[in-house]
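# Tertiary structure, described
One-letter residues, chain by chain:
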Amino acid sequence: MSKVVYEGWMVRYGRRKIGRSFIHMRYFVLENRLLAYYKRKPQDSQVPIKTLLIDGNCRVEDRGLKTHHGHMLYVLSVYNKKEKYHRITMAAFNIQEVLIWKEKIESVIDQHQEPQIANGNKYVSFEYKSGMDNGRTASSSDHECQFSAQEDEVDAPSSLLRRTTIGNGPPDSIFDWTQECDSELANHNANNQAFSGKHWRLLQCQNGLRIFEELVEVDYLPRSCSRAMKAVGVVEATCEEIFGLVMSMDGTRFEWDCSFQYGSLVEEVDGHTAILYHRLQLDWFPLRTAIYLQFFKVIAPCFCRFVWPRDLCYVRYWRRNDDGSYVVLFRSREHENCGQQPGYVRAHVESGGFNISPLKSRNGKPRTQVQHLMQVDLKGWGVGYVSSFQQHCLLQMLNSVAGLREWFAQIDERGAPPRIPVMVNMASSSVSSVRTQKIDELSVPPGPSLDQTNAASRNSVMMDEYSDEDEEQMPEAEQEACPTKSDNDAKRTAPKEEQFEKIDLSCFSGNLRRDDRDNSRDCWRISDGNNFRVRSKHFCFNKTKIPAGKHLMDLVAVDWFKDTKRMDHVARRHGCAAQVASEKGLFSLVFNVQVPGSTHYSMVFYFVTRELVPGSLLHRFVEGDDEFRNSRLKLIPSVPKGSWIVRQSVGSTPCLLGKAVDCNYIRGPKYLEVDIDIGSSTVANGVLGLVIGVITTLVVDMAFLVQANTTDELPERLIGAVRVSHIELSSAMVPKLDADPS
């Protein structure tokens, strides 16, 4: 019998043919090559109910929160990419238990994906635990450390991008404000800062909180919408405990959120996203306004009577990051089942939510930094007539961070972290009028609440759920700013690929035009390699990174296609850049990024070189098998220009594409095409949902490279990098593809 890696009781979750969910307690056993479950703890040669063979093609898919009879479970689905319909779905009422199983299963999968070098020995490994930089741990108790991301960053490359939970992405764009805005500042040292000095200023200290106000004026929001404000405080509790309270919409919320009156579920989108209805309980009078109105005793009662209460309908999305932190994001949206309620003014949340990050424990007590941001337009006539009206209400909502701190401070002993919260439909006991009863009847039906996005991560990235952990483990800012002697040596070591003469690019063309001007739109240009940081020659020993420098290949053309179906093997198209390069004896690497939808889009990048250096990492990637390619192909995204909050959601963390989405490799006579199917992953779809609605406002950088894992493969080199600016969906063209020879 194979060695048992992990075992224990979990919930078997599923849906019957009639659509109703079911749960059963089952005993799961994970072995070196097998995942199985039984009705009871197995004895001797007992036959399992179901088994799944674990190999390098398996994936662990995060399904987020699911609801069963008002209770929420955290669900995982394990399946083989070649047999997606043969899967095992498991769940638990406790997030921590699910995270342990997720890590254990991924570690077994990674064992079957470890590449072999020429001499048959495994590459050198180096251990660097997630969330340990700058004195911070990924969790704040010994129990949590058991399931923190601790795998070897190189021994298990596939695990780098899988632990973050972000789901399918929200139906509309939802902005992630939790990341540092500038890619140059996005080192791990910046993660301990509550704000970026470029965008926030300290407004006041209130109830032990620091209150910040956004400095940047935005011209795309109505004048009645407030500037974004953020409260930052420290709570002596674990991230999981705080997350449970933040997600709850039951009676416990009255104990820490003074602005909460009522909440219910409108629609459960998926495991990470839900549409919620929320009534606000606000004290409408700032002190100075109340004093002023004392002079007008007739006006004051009228003001009270005609300032109607506010309510919200918004999408809520959550994810868990690799460092153990949680992000909960809000943004208003309309829903057919949640129209205007009589007696209420529908306020609008432009962006908001919580960022719950672990801090180093002190005196044996867990500590967590909680940031709560809101940017809201309360609507109504009072916003225009009383200037301090909106800011006062906003401060009242942000004060919930102090409520969280006091809630935990007044509990002497907390047992195990609570189960994933239940959303209970309830009406405020303080509202008993007939009008409120009618509103309750019109409100959406009771139910639980979940969330999702788009991803973004974590520390969000272009494919936030699959973040490359080594980006989280950067040295301190001083080391980043001043290259070490070893880094300079690495820069002086010029690889052979640079010794070829330049290629005449005038003969290549694509339907998306090239424009090197800064303010150009609907175009592309080559991005400077020094904008991206890659592993240095001595990364195995000191985790240092250096600017990438010159590209290995030349980007010669970009095509922007659309069609009613997915477009595969576009390099077969007569007259495309890959065919032109082949006629000239050049080798091409083609990246076909496929975007699903009612209309399918493809953005195709053509990279060309004279020849591949035999034995180089790029040569091994081109000539290797698909498993090796999937374990090495890396993308580094960045959004240098766009809305500040959008830039936060994308970040600049690398991701291993082959682990995040399905990549189909087509080897031609003088080219290799990589078809990157964004629609194959719920996570990648989530990232797409984040940006597709605002793509015309963005400037996006993408760098492609092959990940280097051993000392002889380092330093890493970029295949190439591209910047696409303010892309218009309407500019995509329908391609004329020749018959596929395969």
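Residues numbered from 1 in each chain as written. Predicted model: local features only at pLDDT ≥ 70, side-chain atom pairs only at ≥ 80, totals over all residues. Heavy atoms only, no water.

As named in an unreviewed UniProt entry, the protein is Protein ENHANCED DISEASE RESISTANCE 2-like isoform X1, taken from Gossypium australe. Quoted straight from UniProt, the Subcellular location (unreviewed entry) entry for the protein says "Endoplasmic reticulum". (UniProt positions renumbered as here; feature names shortened; annotations may be inferred.)

Attention now goes to the overall build of the protein. Across its full length, the protein carries 18 helices and 29 strands. Taken across its 742 residues, the protein has 60% of its residues classed as buried. Surface accessibility of the protein: about 30300 Å² in total, with carbon and sulfur atoms responsible for 51%. (Helix = DSSP H or I, 4+ residues; strand = E, 2+ residues; numbered from the N terminus. Buried < 20%, exposed > 50% of the residue type's maximum accessible area, 1.4 Å probe, protein only. Areas by Shrake-Rupley, 256 points an atom, 1.4 Å probe, with all protein chains shown as cover.)

Let us now look at the side chain of R320. Structurally, R320 can be placed in strand β13 (residues 310-320). Among the polar contacts made by the side chain of R320, one reaches the side chain of Y326 at a distance of 3.4 Å. (Polar contact = N/O pair within 3.5 Å; in protein donor to acceptor, adjacent residues only side chain to side chain.)

Taken together, five strands build an open sheet; the order of strands is β21-β23-β22-β27-β26 and the sheet is mixed. The outermost strands of the open sheet, each flanked by one partner alone, are β21 (554-563) and β26 (662-667). Put simply, the sheet's adjacent strands are angled 15° from each other on average, direction ignored. Relative to strand β23 (residues 600-609), β21 runs antiparallel, the two being bridged by nine bridges. From the neighbouring strand, D559 faces β23, where its bridge partner is V604. (Pairing = 2+ DSSP bridges. Axes fitted to C-alpha atoms, helices over the stretch in contact; angles between N-to-C directions.)

Taken as a whole and assessed by the stated rule, the structure comprises 26 salt bridges. The salt bridge involving R201 is made with E213; its shortest N-O contact spans 3.0 Å. Separated by 12 residues along the polypeptide, R201 in strand β8 (residues 200-206) and E213 in strand β9 (residues 209-214) bring together distant segments of the chain. Where D677 meets R566, a salt bridge forms, and the shortest distance between an N and an O atom there is 3.0 Å. In this pair, D677 sits in strand β27 (residues 671-677) while R566 sits in the loop between β21 and α13 (577-583), placing the two residues 111 residues apart along the sequence. Residue R566 is classed as partly exposed on the basis of its relative accessible area, which comes to 41%. In this structure, a network of salt bridges that share partners links the residues E61, R63 and R87. (Salt bridge = Lys/Arg side-chain N within 4 Å of Asp/Glu carboxyl O.)

Here we come to the packing of aromatic side chains. Summed over the entire model, instances satisfying the criterion amount to 18 aromatic pairs. Between the aromatic rings of F28 and Y37, the centroid separation amounts to 5.1 Å while the plane-to-plane angle is 35°, which identifies the pairing as tilted. In this structure, F28 and Y37 share a single accessibility class: buried. An angle of 80° between the planes, with centres 6.2 Å apart, marks the rings of F330 and F354 as edge-to-face. With a gap of 24 residues between them, F330 in strand β14 (residues 326-332) and F354 in strand β16 (residues 348-362) connect regions that are remote in the sequence. Each member of the pair F330 and F354 is classed as buried. (Phe/Tyr/Trp six-rings, centres within 6.5 Å; stacked < 30°, edge-to-face > 60°.)

Turning our attention to the sheet that holds strand β6 (residues 71-80). Reading across the sheet, the seven strands line up as β4-β3-β2-β1-β7-β6-β5 and stay open at both edges, with antiparallel pairing between neighbours. The outermost strands of the open sheet, each flanked by one partner alone, are β4 (50-53) and β5 (58-68). Between one strand and the next, the sheet's axes are offset by a mean angle of 35°, whatever the strand orientation. The sheet contact formed by strand β2 (residues 21-31) and strand β3 (residues 34-38) spans four bridges and is antiparallel. Pairing of F28 across the sheet is with Y37, part of β3. Helix-sheet contacts for helix α1 (residues 95-111) involve β1 (4-15), β2, β3, β5, β6 and β7 (83-92), and the interaxial angle to β1 is about 115°. (Contact = heavy atoms within 4.5 Å.)

In a soluble, globular protein the nonpolar side chains are often hidden away together inside. Ranked by size, the top nonpolar core spans 68 residues in total, and within it L35, W101, I105, I242 and L404 carry the most contacts. In terms of residue count, the dominant contributor to this core is α1 (seven residues). Mapping this core onto the domain boundaries places at least three of its residues in each of domain 1 (4-110) and domain 2 (201-216 + 223-287 + 304-410). Excluding anything up to four places from it in sequence, L404 contacts V235, I242, L245, V246, W256, F354 and V370. Residues V595, L618, L635 and L672 belong to the second largest nonpolar core, which totals 51 residues. (Core = buried A, V, L, I, M, F, W, Y, C linked by side-chain atoms within 4.5 Å. Domains from an automatic or database assignment.)

Turning to unusual backbone geometry, a few remarks are in order. Here the residue pair L714 and P715 is connected by a cis peptide bond, since its omega of 0° sits within 30 degrees of zero. Its place among the elements puts P715 in the loop between β28 (699-706) and β29 (718-725). The backbone phi angle of N363 is positive, close to 55°, even though this residue is not glycine. Summarising the element assignment, N363 is placed in the loop between β16 and β17 (365-377). The class of N363 is exposed, set by a relative accessible area of 75%.

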